[in-house]
Amino acid sequence: MSTGDHCTLCELPLAETAVETPDGTSFCCPGCRHVYETLDERPDLSVEEGIEQLDDEPAEDIPEGYETTFLRIDGMHCATCETFVESQAQQDEAVAAVDASYITDTVRVSHDPEQVGTEDLCDSLTGLGYRAYEKDDPLGKRQAEDRLLYQLIVGLVFGMMVMLNYVIIIYPTYFEHGLYAPPEVAAFMAEMLDSTGAQYFYLVLGFLTSIVLFVTGNPILKGAYVSLKTRRPNMDLLVALAAISAWAYSTLAIFVGDPHMYYDVTVGIILVVTVGSYYENQIKRQATETLADLTTAQVDEARLHNPDGQHQTVSVSNVAPGDHVLIREGERVPVDGLVVDGEGTVDEAVVTGESLPVPKTANKQVIGGSLLQDGSLIIEVGEDADSSIARITDMVWNLQSANHGIQQLADRLATIFVPLVLVLAVVVGTIHFLALGASVSATMLVALTVLIVSCPCALGLATPLAIASSVREALERGIVVFDETIFERLRDVDVVVFDKTGTLTTGEMRVIEADGPTELFERAALLETHSSHPIAAAVATEFAAGKDTPPESVATDGGVTSVGESDSELAGPDEPSPRVTSFESHANGVSGVVDGERILVGNPDLFANEGWTVPESLSETANEVSAAGNVPVIVGEGGTAIGLAAVGDDPREEWDAVIDWLDEQGIEVAVLTGDDDRAADRFRAHPGIDEVFAGVPPEAKAETVNRLGAGKQTVMVGDGTNDAPALATADLGIALGSGTALAADAADVAIVTDDLSSLETVFDLASAANKRVKQNIGWAFCYNGIAIPLAITGLINPLFAAVAMAISSTLVVTNSSRQLLKK
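The structure contained in this document is the topic of the report that follows. Along each chain, the written sequence defines residue order, and numbers are assigned to residues from 1. The model is predicted, so local features are restricted to residues of pLDDT at least 70 and side-chain atom pairs to those at 80 or more, both for listing and for counting; the totals for chains, interfaces and linings are taken over all residues. For the side-chain quantities, the full set of heavy atoms in the structure was used; hydrogens and water were omitted.

Quick word on the overall build of the chain
In step 1: Along the chain, the regular secondary structure elements total 29 helices and 27 strands.
In step 2: Partly exposed residues are those whose accessible area sits between 20% and 50% of the maximum for their type, while under 20% is buried and over 50% is exposed, using a 1.4 Å probe and protein chains only. Split into buried and exposed, the 823 residues of the chain put 53% on the buried side.
In step 3: In the form shown here, the chain has an accessible surface area of approximately 34,900 Å², with 53% of it arising from carbon and sulfur atoms. Secondary structure counts use DSSP, requiring at least four H or I residues in a row for a helix and at least two E residues in a row for a strand, with both numbered from the N terminus. Residue-level accessible areas treat just the shown protein chains as cover; the underlying method is Shrake-Rupley with a 1.4 Å probe.

A few points about the sheet that holds strand β5 (residues 106-111)
In step 1: For two strands to pair, DSSP has to find at least two bridges joining them. Spatially, β4-β5-β3-β6 is the arrangement adopted by the four strands of the open sheet, whose pairing is antiparallel. Edge strands, defined here as strands with exactly one partner in the open sheet, are β4 (95-101) and β6 (131-134). For this sheet, the mean inter-axis angle between neighbouring strands, taken without regard to orientation, is 30°.
In step 2: Here six bridges tie β4 to β5, and the two strands are oriented antiparallel to one another. When the bridges of β5 are listed, Ala-97 appears paired with Ser-110.
In step 3: Only heavy atoms matter for contacts: two residues are in contact if any of them lie within 4.5 Å across the pair. Interaxial angle, 0 to 180 degrees, is taken between N-to-C directions of lines fitted to C-alpha atoms, where a helix line uses only the stretch in contact. Sheet strands in contact with helix α4 (residues 118-125) are β3 (67-74), β4, β5 and β6, and its direction is about 40° off that of β3.

Remarks on the pattern of salt bridges
In step 1: Here, a salt bridge means any side-chain nitrogen of Lys or Arg that lies within 4 Å of a carboxyl oxygen of Asp or Glu. Per the stated rule, a full pass over the model turns up 10 salt bridges.
In step 2: Among the ionic pairs, Lys-701 bridges to Asp-499, the shortest N-O distance being 3.2 Å. Here Asp-499 lies in strand β15 (residues 495-499) and Lys-701 lies in helix α25 (residues 698-708), a separation of 202 residues in the sequence.
In step 3: Residue classification places Lys-701 among the buried positions, given a relative accessible area of 0%.

Here we look at helix α23 (residues 655-664)
In step 1: Along α23, the residues that are buried comprise Trp-655, Val-658, Ile-659, Trp-661 and Leu-662. Within α23, the buried residues cover an arc of 160° as seen down the axis, which keeps them to one side.
In step 2: Considering only its buried residues, α23 is in contact with β15, α17 (500-504), β22 (640-651), β23 (668-672), α24 (681-684) and α28 (758-793).
In step 3: Immediately downstream of α23, the backbone of Gly-666 shows phi near 75°, a positive value. Throughout, the arc means that of the directions going from the helix axis to the C-beta atoms.

Some points on unusual backbone geometry
In step 1: Here the phi dihedral of Asn-363 falls at roughly 70°; this positive angle occurs in a residue that is not glycine.
In step 2: Along the chain, the position of Asn-363 falls in the loop between β11 (358-360) and β12 (365-366).
In step 3: Its relative accessible area of 57% is what places Asn-363 among the exposed residues.
In step 4: Even without a glycine there, the phi angle at Asp-595 is positive, about 55°.
In step 5: Along the chain, Asp-595 turns up in the loop between β19 (589-594) and β20 (597-602).

Some remarks on the nonpolar core
In step 1: What makes a nonpolar core is a set of buried Ala, Val, Leu, Ile, Met, Phe, Trp, Tyr and Cys residues whose side-chain atoms join them at distances within 4.5 Å. Ranked by internal contacts, the top residues of the largest apolar core, which has 54 residues, are Tyr-166, Ile-170, Phe-201, Tyr-202, Leu-205, Tyr-249 and Met-261.
In step 2: Among the elements that make up this core, the one with the highest residue count is helix α9 (residues 235-256) (12 residues).
In step 3: Among the nonpolar cores identified, the runner-up in size contains 42 residues, and Leu-732, Val-762, Phe-763 and Ala-768 belong to it.

As for the packing of helix α14 (residues 440-453) against α28
In step 1: Two numbers describe how α14 lies on α28: the axes approach to 9 Å, and their chain directions differ by 175°. Regarding the angle of α14 to α28, the classification is roughly antiparallel. Of the residues in α28, those in contact with Val-446, Thr-449, Val-450 and Val-453 of α14 are Tyr-783, Asn-784, Ala-787, Ile-788, Ala-791 and Ile-792.
In step 2: Under this grouping Gly is polar, as are all residues other than the nonpolar Ala, Val, Leu, Ile, Met, Phe, Trp, Tyr, Cys and Pro and the charged Asp, Glu, Lys and Arg. Residues that form the contact of α14 with α28 fall into these classes: eight nonpolar, two polar and no charged. An angle below 35 degrees is treated as roughly parallel, one above 145 as roughly antiparallel, one from 65 to 115 as roughly perpendicular, and anything else as oblique.

Focus: α14
In step 1: A helix's residues, less one, multiplied by 1.5 Å, set its expected span. Here α14 spans 20 Å end to end across 14 residues, near enough to the 20 Å set by a 1.5 Å rise per residue.
In step 2: With 10 of its 14 residues buried, α14 lies for the most part within the structure.
In step 3: Of the positions making up α14, those classed as buried are Thr-443, Leu-445, Val-446, Ala-447, Leu-448, Thr-449, Val-450, Leu-451, Ile-452 and Val-453.

Description of a negative patch on the surface
In step 1: A cluster of acidic residues, Asp-656, Asp-660, Asp-663, Glu-664, Asp-690, Glu-760 and Asp-764, forms a negative patch at the surface.
In step 2: Elements represented by at least two residues in the negative patch include exactly α23 and α28.
In step 3: Looking at the negative patch element by element, the count peaks at four residues for α23.
In step 4: Looking at where Asp-656 falls in the secondary structure, it is placed in helix α23.
In step 5: Relative accessible area serves as the criterion here: at 33%, Asp-656 is assigned to the partly exposed category. Surface patches are drawn from residues lacking salt bridges whose relative accessible area is over 30%; two like charges belong together within 9 Å, two nonpolar side chains (Val, Leu, Ile, Met, Phe, Trp, Tyr) within 5 Å. When charges are counted, neither His nor the chain ends are considered; positive counts come from Lys and Arg and negative counts from Asp and Glu. Note on charges: their place is set at NZ of Lys, CZ of Arg, CG of Asp or CD of Glu.

Below, the structure is given as C-alpha cells:
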C-alpha cells in the first residue's frame with residue numbers, strides 16, 4: 001500500500017484528480033478507488049510487488065546504484081532453459097537478481113553497471129546455443145535463425161551421405177529372397193560387410209554421423225546438458241539419450257565385431273527433430289512478420305526551445321528537468337511536462353486509452369507519447385525527464401521477464417520417462433549379465449538397445465509439428481500466435497477482461513445524431529476542414545456539401561488564418577470561389593467567417609468563453625449527450641447557438657455476440673477503460689458483463705487484471721499502448737491488429753483482422769491444438785509400448801527400429817497436417 005503523495009493502487013503521483021477516502025487512503029483518480037474498493041488484493045503478489053520482488057528476491061537486497069537491463073535471448077524453449085540462464089548470470093558477483101522468460105525470450109538483470117556492462121552481460125549469457133543481445137538489436141533474431149538453417153544444411157548434406165550408404169549397401173543385407181535387392185547383390189553386400197576392410201567403411205559412417213550429431217544436433221545436446229545441470233529432465237534429454245545411445249552402440253559395435261549398426265537411427269532422430277524445430281520457427285517468424293507494419297509511440301528526439309528563441313534538436317536522453325521543449329502540430333510529445341506557452345488539442349489515447357482528445361493550455365500537464373493534433377505547445381520538462389510511454393514500456397518488460405513459462409506436456413512426461421528408461425536399461429543389462437551370463441560387450445549392447453528405442457523420432461516431432469500447424473492455421477484465420485504455450489495454457493478460462501476504446505468500440509469518431517439547420521451544419525463543415533482534430537474531421541465528413549466527396553483537411557498552426565493568396569486551398573471542394581474568409585483554432589473548437597457570417601463550432605465551454613448565448617434546451621441536450629458518453633458539438637452564428645451534433649465512437653458490431661458467447665461458456669467478463677464513467681454506461685447494461693471499471697490509468701489496469709486473477713485464469717483483450725501492462729499481466733494477452741507495437745509485443749496473440757469475433761476462434765484453436773499435441777504424443781508412445789519389450793527380450797533389430805520409427809513419424813506428420821477447425 002502506498003503512502004504519502006502516491007496512489008494506493010497504481011503508485012502514480014497524486015495530481016489534480018486525486019481522491020482521498022475518510023480513512024486517509026489516497027488515489028490518483030476515481031477509477032483506482034473503484035478498483036481498490038471492489039476487488040480484493042491478491043494474497044500472493046501485487047503487480048508493483050511482482051516487478052520489484054521477483055522469485056521472492058526482496059527489492060531491498062538489490063544494492064543502491066545497481067541498474068536493471070533487459071535483454072533478448074534466443075535459444076530458450078522450455079522452463080529448464082529459464083533456470084539455466086538465470087544460474088549462468090548469477091555466477092557474476094556484480095549481478096544481484098536475474099529473471100528469464102522463455103515465453104517472451106527476455107531476461108531481466110539487476111547489476112552494477114560499473115563492473116558489468118550490457119556487453120558483458122550479453123557475453124556471459126551467450127553460449128551453449130543461447131545468444132543474448134540488446135532488446136532493440138534488429139540483427140539478433142535473424143542471426144539465430146541463420147545459425148539454425150546452417151546447422152540443418154550441414155545435417156542434410158552429411159546425413160544424406162550416411163543414409164545413401166545404408167540404402168545401397170547395408171539395408172539389402174537385412175532382407176532375404178530378393179525382397180529388397182537381387183539375391184546375388186544382397187549376398188555380395190553381406191560378404192563385403194563381413195570382410196576386414198568393412199571396419200574402415202563403418203568408421204567413415206561413424207565420422208559422418210558424428211558431424212550430424214554434434215553439429216546439427218548441437219541445440220538438442222545443449223538442451224540435454226542444461227536439463228542435467230538443472231536436474232530437470234526434458235524432451236531434449238530424451239531425444240539426445242536415444243541419439244547418443246545409437247551412436248555409442250554403433251561405435252562400440254565396430255570394435256567388438258557386431259554387425260548391427262544404428263547410425264541411421266542417430267541421423268534420423270537428429271534430422272527429423274531439427275527439421276520439425278526449423279519448420280516451427282519459420283511458421284512463427286512468418287506470423288510475427290505479419291505485424292511488422294505496427295508502429296510505436298515512443299519518441300527518440302526532442303526540439304529544445306532556448307531562451308533566445310532558437311531551437312535545437314537533441315536526443316530525448318539528453319533532455320533535462322526544467323528544459324523547454326517545442327511540440328508542433330502532428331508531433332508526439334517526447335516527455336511528460338507542463339504547458340508554459342501555446343494551446344492545442346492532444347490525443348492521449350495511446351497512453352490513457354481515452355478516445356476523446358484533450359484541450360491543453362498554459363499550466364496543463366501533457367503526457368509523453370501523446371499526439372498533438374492541432375496547435376503548438378511549449379512545455380517545461382518534468383522532474384523525471386521521462387515519458388509515460390517509456391514508463392509503460394519498462395513496466396511491460398518487467399512483467400514479461402517475470403512471466404516464467406510453464407513446463408510443456410512433453411517435458412513433463414520426460415521428467416518421468418527419462419529416469420524410468422535409464423533404470424530399465426540398467427535392470428535389463430544387469431539381468432543379462434548376472435542371470436543370463438552375457439558378456440560385458442553383449443550386456444552393454446542390450447542396455448543401449450533399450451535406450452535407443454526409448455525415443456522415436458515421433459516423440460520429438462509430436463509437439464513442434466502440432467504447434468507449427470496450429471500457428472499456421474491461426475495465421476490463415478488472421479490470428480498471430482507469439483507464444484505457442486497458449487495451446488496448453490488456454491484452458492478453463494475464468495475471466496476475460498476487455499479494454500473499451502478500440503476493442504469493444506471502433507475508436508473512430510463519427511456524428512451519431514444532429515439537430516439543427518442543414519445549411520448551418522454545411523457551413524460548420526467547411527470551417528472544420530481547417531482543423532486536424534478527429535471531432536472536426538467527423539463533422540466535416542458528415543455535413544460536407546456534396547457528401548460523396550468529403551472535404552480535405554487543411555492543417556494550420558492555430559491562430560487566425562485570413563484567406564488571401566491561398567484561397568483555392570480553403571475553398572470547398574465544389575466551390576468556384578472561397579466561402580471561408582477567416583479561420584481561428586481554439587483549444588475546444590473553431591471559429592471563422594463563412595459566407596460572410598461568423599460561425600462558432602465547439603463545446604459549451606467555447607460558447608461561454610466567447611460570450612455567445614446557448615438556449616437552455618440546447619444546454620440540456622448537451623448534458624444528455626455527455627451523459628451518454630459522447631461529445632456535444634454546438635454550432636452557432638450571430639452570437640447564438642442554434643444546432644447540436646453528438647459525436648462519439650461506436651461499439652463494434654460484433655461486441656454483443658462475443659459477450660453473449662463468453663456468457664454461455666460460463667466465463668466472467670469485465671471491462672476496463674480510461675474514459676470517464678459516462679462513456680462506459682452502455683456496457684453496464686449488458687447482462688453478460690459482470691463489472692465495468694472506468695477512469696482507470698494504464699498502471700492501474702495491470703493491477704486490476706492482477707486482482708481479477710486471484711485464484712482464476714485471466715485473459716486480457718486490448719489494442720493500445722496503455723493496455724500493454726495489463727496484457728502482460730494477464731495469464732493470456734490478446735491484442736487486436738489495429739493496436740500499437742507495444743500492445744502486440746506484450747500480448748501472446750494478436751488478431752490482425754481487427755475482428756473481435758475472432759476471439760472465439762482463438763479459444764477453439766487452442767483447445768483443438770492441445771488435443772492434437774496429446775494425440776501425437778499418444779501415437780509416439782504406441783511405438784515405445786511395442787519396441788521396449790522387444791528390446792528387453794533381445795528380439796529387436798536395426799531394421800525394425802528404422803521401419804517402426806518411420807511409421808510412427810509418418811502418423812505424427814499426417815495427424816499434424818489435418819485441419820484443426822472446420823472452415
